[in-house]
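# A look at the structure
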Amino acid sequence: MSFKILANDIIWLNGRIATMDQDLNSEYGLLENHAMVTRNNLIVAIVPEAKLDMVNGKVVDLERRLVTPGLIDCHTHLVFGGNRAAEWEQRMKGVSYETISQQGGGINSTVRATRTLNEDDLYHVSQPRLEALIREGVTTIEMKSGYGLDFDSEQKQLFVAKRLAQSYPVTVSSTLLSAHTVPSEYKGKADEYIDLICNEIMPTLWEKGLFEAVDVFCESVGFSLEQSQKLFLTAQKLGIPVKGHVEQLSNLGGSELVASFKGLSVDHIEYLDLKGIQALKQSGTVAVLLPGAFYFLRETKLPPIELLREHQIPMAVSTDFNPGTSPFASLRMVMNMAAVLFRLTPEEIWAGVTCHAARALGREESHGQLKVGYQADFIVWNAADPVEMIYEQGSQMLYMRVYQGSISHH
Ligand code: NIG
Ligand code: FE
């Protein structure tokens, strides 16, 4: 039976399609000699070219190029003011990230810089960062608040994320990270700050539709397990999915907490242990690996990759783009770090920036694979093998970027 093509459909012909469909028993879910048919923003068919009845539709010849799903960067702090270059210089001279943060630097210095900017200026400084990621193939990106830490500034960050989503061909998934650190005006009063989030910031901004999930920095320089739990209970009452920055600098058991709420993802997880992994297995939570932060902090404790693999926990890979621990607006570079530093295989890394990253955003039914019914977000590469985009850095390998069925870069 041949697929019926309508007049306005687009037939993407002659591509080598790395579908990332885990049900296909080929590496990267690769389909050769298949055509992909898109209708508006969706993929409506992937069929052997021989079976194609092409009386209708517009044809785009991909000339045997490699096609992958659009890249998904599932953990970023892209909207912020200022930078932390001076602080980094201090760190290069031997002062630790924790010490700097205890002395009022760290996250709080970016909070000051972010609060100072008005919405327009915050939008303008965020644009080039997003543009860099889009240029290299990102079609879906998560953006966190967490550098505002009061009602108006958190809202401002989320407004900027929304405005970016409206102006660029990219899907933005926003996350409320008001529990990133205790703001200076609440110093010594972390519980009161958590109450402010639970009673005002979270319910009001949720009501306004400004975010999709709630995140917390569960760490000695962030929030305790009890405070994180309080936050999650409020989120749960409102029906908001949760995730966490956990086990980055020590093991507080944050992963088990996230898992107990059936959270979307646990992120960083250098200090994750077997108990935590077993909890993730139960809950189906994604392990998000952030090699950029590992590298930039000169971390030596590796996340338990082998155990995650053994327990078949889906692993995502993301930039964690932020001014303090991962100032890297390049997912491809971070994919390289995932290979060199974390020893992930190329196929694991590709899954980590496509299907598993989609799952970390609760979008596994619509994003991250090239499959009938999924968003037509894909990249056509000037490359023969997916490993090339991990291996080679600094060159533009993107040939064509298609977002929701339309060519947005060529
Ligand atoms: O993901 N771990 C906490 N948050 C960020 C760092 C934020 C900062 O230093 O500004 C991270 O690494
Ligand atoms: Fe982060």
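The paragraphs below set out a description of the structure included in this document.

## Notes on the nonpolar core
Counting 94 residues, the largest nonpolar core has L231 and W350 as the members making the most contacts within it. Counting residues per element, this core draws most heavily on helix α6 (residues 190-207), which supplies 9 residues. Excluding residues within four positions of it along the chain, L231 makes contact with A179, I194, I197, C198, M202, V214, D215 and V216. Core analysis: the second largest hydrophobic core is formed by 18 residues, I10, I46, L62 and L370 among them.

## Observations concerning the coordination of the iron ion (ligand 2)
Protein coordination at the iron ion (ligand 2) comes from H75 (NE2), H77 (NE2), H245 (NE2) and D320 (OD), with a distance range of 2.1 to 2.3 Å. In primary-sequence terms, the residues that donate to the iron ion (ligand 2) follow H-x1-H-x167-H-x74-D. Of this pair, H77 sits in the loop between β6 (71-73) and α1 (85-92) while H245 sits in strand β10 (residues 243-246), and the two are 168 residues apart along the sequence. Judged on exposure class, the residue H77 and its partner H245 are both buried.

## Regarding unusual backbone geometry
The backbone of N14 sits at a positive phi, close to 65 degrees, despite the residue not being glycine. Relative to the helices and strands, N14 is located in strand β1 (residues 10-18). With phi around 55 degrees, I269 is a residue other than glycine that occupies positive phi space.

## Some words on the layout of surface pockets
In this structure, the largest pocket spans a volume of roughly 390 Å³. In terms of lining, the largest pocket is formed by 21 residues, of which the most central are S101, N108, T181, V182 and K187. At the level of secondary structure, the elements contributing two or more residues to the lining of the largest pocket comprise α2 (97-102) and α3 (107-116). Across the lining of the largest pocket, the residue classes tally to 8 nonpolar, 10 polar and 3 charged.

## Regarding the pattern of salt bridges
Applying the stated criterion across every chain, the model contains 19 salt bridges. When the shortest N-O distance is used, the salt bridge between E348 and R309 registers 2.6 Å. Note that E348 is positioned in helix α13 (residues 346-352) and R309 in helix α11 (residues 305-310), a separation of 39 residues in sequence. Residues participating in the shared-partner salt-bridge network are E142, K144, D215 and K243.

## Some words on the site of ligand 1
Near ligand 1 you find 15 residues, and of these R84, Y97, Y147, Q248 and T325 are the closest. T325 places a polar side-chain atom, nitrogen or oxygen, 2.6 Å from an oxygen atom of ligand 1. Look at ligand 1: alone it shows 330 Å² of surface, and the protein chains cover 100% of it. When each cavity is represented as a set of grid points, ligand 1 is found to reside in the largest cavity. Considered class by class, the residues forming the shell around ligand 1 number 4 nonpolar, 9 polar and 2 charged.

## Observations regarding the packing of helix α5 (residues 151-167) against α6
Interaxial distance between α5 and α6 falls to 10 Å at its minimum, and their mutual angle equals 30 degrees. Regarding the angle of α5 to α6, the classification is roughly parallel. The element α5 and its partner α6 pack so that their crossing is right-handed. In contact with F151, E154, Q155 and L158 of α5, α6 contributes E200, I201, T204 and L205. Looking at the contact of α5 with α6 residue by residue, the class counts come to 4 nonpolar, 2 polar and 2 charged.

Thresholds, definitions, all that
- Residues numbered from 1 in each chain as written.
- Chains lettered and ligands numbered in written order.
- Predicted model: local features only at pLDDT ≥ 70, side-chain atom pairs only at ≥ 80, totals over all residues.
- Heavy atoms only, no water.
- Core = buried A, V, L, I, M, F, W, Y, C linked by side-chain atoms within 4.5 Å.
- Buried < 20%, exposed > 50% of the residue type's maximum accessible area, 1.4 Å probe, protein only.
- Helix = DSSP H or I, 4+ residues; strand = E, 2+ residues; numbered from the N terminus.
- Contact = heavy atoms within 4.5 Å.
- Donors = N, O, S within 2.8 Å, 3.2 Å for Na, K, Ca; no water.
- 1 Å grid on protein atoms, 1.4 Å probe; cavity = no way out; pocket = protein on both sides within 12 Å on 5 of 7 lines; lining within 4 Å.
- Points joined across faces, edges and corners; volume = space filled by probe spheres on them.
- Nonpolar A, V, L, I, M, F, W, Y, C, P; charged D, E, K, R; others polar.
- Salt bridge = Lys/Arg side-chain N within 4 Å of Asp/Glu carboxyl O.
- Near = heavy atom within 4 Å.
- Polar contact = N/O pair within 3.5 Å; in protein donor to acceptor, adjacent residues only side chain to side chain.
- Areas by Shrake-Rupley, 256 points an atom, 1.4 Å probe, with all protein chains shown as cover.
- Sits in = over half its atoms within 2 Å of the grid points.
- Axes fitted to C-alpha atoms, helices over the stretch in contact; angles between N-to-C directions.
- Parallel < 35°, antiparallel > 145°, perpendicular 65-115°, else oblique.
- Left-handed = near helix turned anticlockwise from the far one by under 90°.

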